[in-house]
Amino acid sequence: MPSTSTFTFTSYDGTELACHVQGEGEPLLCLPGGAMRASAYLGDLGGLSAGRRLVLLDLRGTGGSAIPADPATYRVDHQVADVEALRVHLGLESVDLLAHSASGNLALLYAAAHPRRVRRMAMITPTCWAVDLTESPETRLAEIRRRGGGEPYDTAIAAYERALAAFAAGGTPDEADWAASMPLFYGRWDETARAHAALSPAQKNAAAAAAFAGPGAFDPPATRAALAQVTAEVLVLAGELDTNPSPALAARLAELFAHGVADVQRGAGHFPWLDEAPWFAARVERFLRTGA
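Residues numbered from 1 in each chain as written. Predicted model: local features only at pLDDT ≥ 70, side-chain atom pairs only at ≥ 80, totals over all residues. Heavy atoms only, no water.

Caption draft 1: Main features of the overall build of the chain. When its secondary structure is counted, the chain shows 12 helices and eight strands. Its C-alpha atoms give the chain a radius of gyration of 18 Å, near enough to 19 Å, the size a compact globule of 292 residues would have. C-alpha atoms of the chain, sized along the principal axes, occupy 50 × 40 × 40 Å. Among the 292 residues that make up the chain, the fraction classed as buried is 52%. Of the contacts formed within the chain by residues at least 6 apart in sequence, a portion of 72% connects residues at least 24 apart. Accessible surface, the chain as shown: approximately 12100 Å² in total, 53% of it carbon and sulfur. Taken together, the 24 basic and 33 acidic charged side chains of the chain have centroids lying 5 Å from each other. (Helix = DSSP H or I, 4+ residues; strand = E, 2+ residues; numbered from the N terminus. Rg over C-alpha atoms; globule rule 2.2 N^0.38 Å. Buried < 20%, exposed > 50% of the residue type's maximum accessible area, 1.4 Å probe, protein only. Contact = heavy atoms within 4.5 Å. Areas by Shrake-Rupley, 256 points an atom, 1.4 Å probe, with all protein chains shown as cover. Lys, Arg positive; Asp, Glu negative; His and termini not counted. Charge placed at Lys NZ, Arg CZ, Asp CG, Glu CD.)

Caption draft 2: Looking closely at the sheet that holds strand β6 (residues 118-124). Read across the open sheet, the eight strands follow the order β1-β2-β4-β3-β5-β6-β7-β8; overall the sheet is mixed. Every interior strand has two partners, whereas the edge strands, β1 (4-10) and β8 (260-265), have only one. Ignoring strand direction, the axes of neighbouring strands in this sheet form an average angle of 20°. Here strand β3 (residues 27-31) pairs with strand β5 (residues 95-100) via three bridges, running parallel. Note on β5: the bridge partner recorded for Cys-30 is Leu-98. (Pairing = 2+ DSSP bridges. Axes fitted to C-alpha atoms, helices over the stretch in contact; angles between N-to-C directions.)

Caption draft 3: Representation of the pattern of salt bridges in the model. Scanning all chains against the criterion turns up 16 salt bridges. Here Arg-60 makes a salt bridge to Asp-13, at a shortest N to O gap of 2.9 Å. Of this pair, Arg-60 sits in the loop between β4 (53-57) and α1 (76-90) while Asp-13 sits in the loop between β1 and β2 (16-22); the two residues are 47 residues apart in sequence, bridging distant segments of the chain. The exposure class of Asp-13 is partly exposed, given its relative accessible area of 33%. (Salt bridge = Lys/Arg side-chain N within 4 Å of Asp/Glu carboxyl O.)

Caption draft 4: Focus on the environment of Pro-247. With respect to the helices and strands, the residue Pro-247 is situated in helix α10 (residues 247-254). Relative accessible area serves as the criterion here: at 26%, Pro-247 is assigned to the partly exposed category. Spatially, the C-alpha atoms of Pro-247 and Val-264 are 6.4 Å apart, while their sequence positions differ by 17 residues. Dropping the residues within four chain positions of it, Pro-247 is found in contact with Ala-238, Gly-239, Glu-240, Asp-242 and Val-264.

Caption draft 5: Here's a closer look at the packing of helix α2 (residues 103-113) against helix α9 (residues 220-227). Viewed as axis vectors pointing N to C, α2 and α9 meet at an angle of 60°, and their least axial separation amounts to 8 Å. When the interaxial angle is binned, α2 and α9 end up oblique. The interaxial crossing formed by α2 with α9 has left-handed handedness. Counted together, Leu-108, Leu-109, Ala-111 and Ala-112 of α2 and Thr-223, Ala-226 and Leu-227 of α9 form the full contact between these two elements. Its residues assigned to classes, the contact of α2 with α9 comprises six nonpolar, one polar and no charged. (Parallel < 35°, antiparallel > 145°, perpendicular 65-115°, else oblique. Left-handed = near helix turned anticlockwise from the far one by under 90°. Nonpolar A, V, L, I, M, F, W, Y, C, P; charged D, E, K, R; others polar.)

Caption draft 6: Fine view of the pairing of β2. Of all seven residues making up β2, six are buried, and the element is well covered by its neighbours. Bridging between β1 and β2 involves seven bridges; their strand directions are antiparallel. Bridging from a neighbouring strand, Thr-8 pairs with Ala-18 of β2. Where β1 folds back on β2, the antiparallel hairpin that results is connected by five residues, among which Gly-14 adopts a positive phi of roughly 90°. In this sheet, β4 lies alongside β2 in antiparallel orientation, the contact comprising four bridges. What sits directly across from His-20, in β4, is Leu-56.

Caption draft 7: Structural context of the nonpolar core. By size, the foremost hydrophobic cluster in this structure holds 48 residues, and its most contacted members are Leu-97, Met-121, Leu-253 and Phe-257. Apart from residues lying up to four places away in sequence, Phe-257 is in contact with Leu-108, Met-121, Leu-227, Val-230 and Val-234. Core analysis: the second largest hydrophobic core is formed by 32 residues, Cys-30, Leu-45, Leu-98 and Ile-144 among them. (Core = buried A, V, L, I, M, F, W, Y, C linked by side-chain atoms within 4.5 Å.)

Caption draft 8: How the structure looks around the side chain of Ser-101. As for its position among the elements, Ser-101 is in the loop between β5 and α2. Side chain to side chain, Ser-101 and His-270 meet in a polar contact 2.8 Å long. Sequence-distant contacts of Ser-101, that is, excluding residues within four places in its chain, are made with Gly-33, Gly-34, Ile-124, Thr-125, Pro-126, Thr-127 and His-270. (Polar contact = N/O pair within 3.5 Å; in protein donor to acceptor, adjacent residues only side chain to side chain.)

And the structure:
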């Protein structure tokens, strides 16, 4: 992994935010998911730093970024101003964005609010709450059950079923069930995946995650209308084995953009750069270089 440098900048409300920089070349602003997980889990995105200067933002209250004075600003729509403050700090007229998982929502809201500031946007296994695109629990269960027939997947599927039932009842899944379901989020449950999953609890800000998609965060009809006017090129990359989003849902998201395209990484889960790093890095770099 290339060496990393760090800088800080002051956002709109005085909160000091940290960014970690890897690689050389054109900057790529990277927004981590979690929700609200420190950007360290992105690593160098499967070697994408070989041709790009990755600027990995620690969202407020995560990693090296400060805890804001007002916890209400953890809500994702307030964090749009953090991304804009970073663009201004870097002195860029427009930016290339990469957003993973829950920060797909942050990228969607940013593009809707600042359409002329986005050049190209790579959305990696994004959740799409901001535009009211979600998989039903029944669809997600049907997909993950296809991985059954042996361990660790049979145990993981049973744990995931219990976790979804807890969500459906308005509760919180048992931590042991959530941990046991982790093999379903990776294409391969190998040593690398196990180490990556084990770091998640320490890298996440649980209070911030609870507020991220809180009441009032989203106005899907308004966001959809705004995204229809976005001229930026957009790649929505799904993992073949992922259910959040599934490849079909990723295709529906891409259709919201005038210049959107969806692609599927074979054999990949929710963290595709860990499953086949060379393919992932080449696909994203090709999009950033030549467009959709």
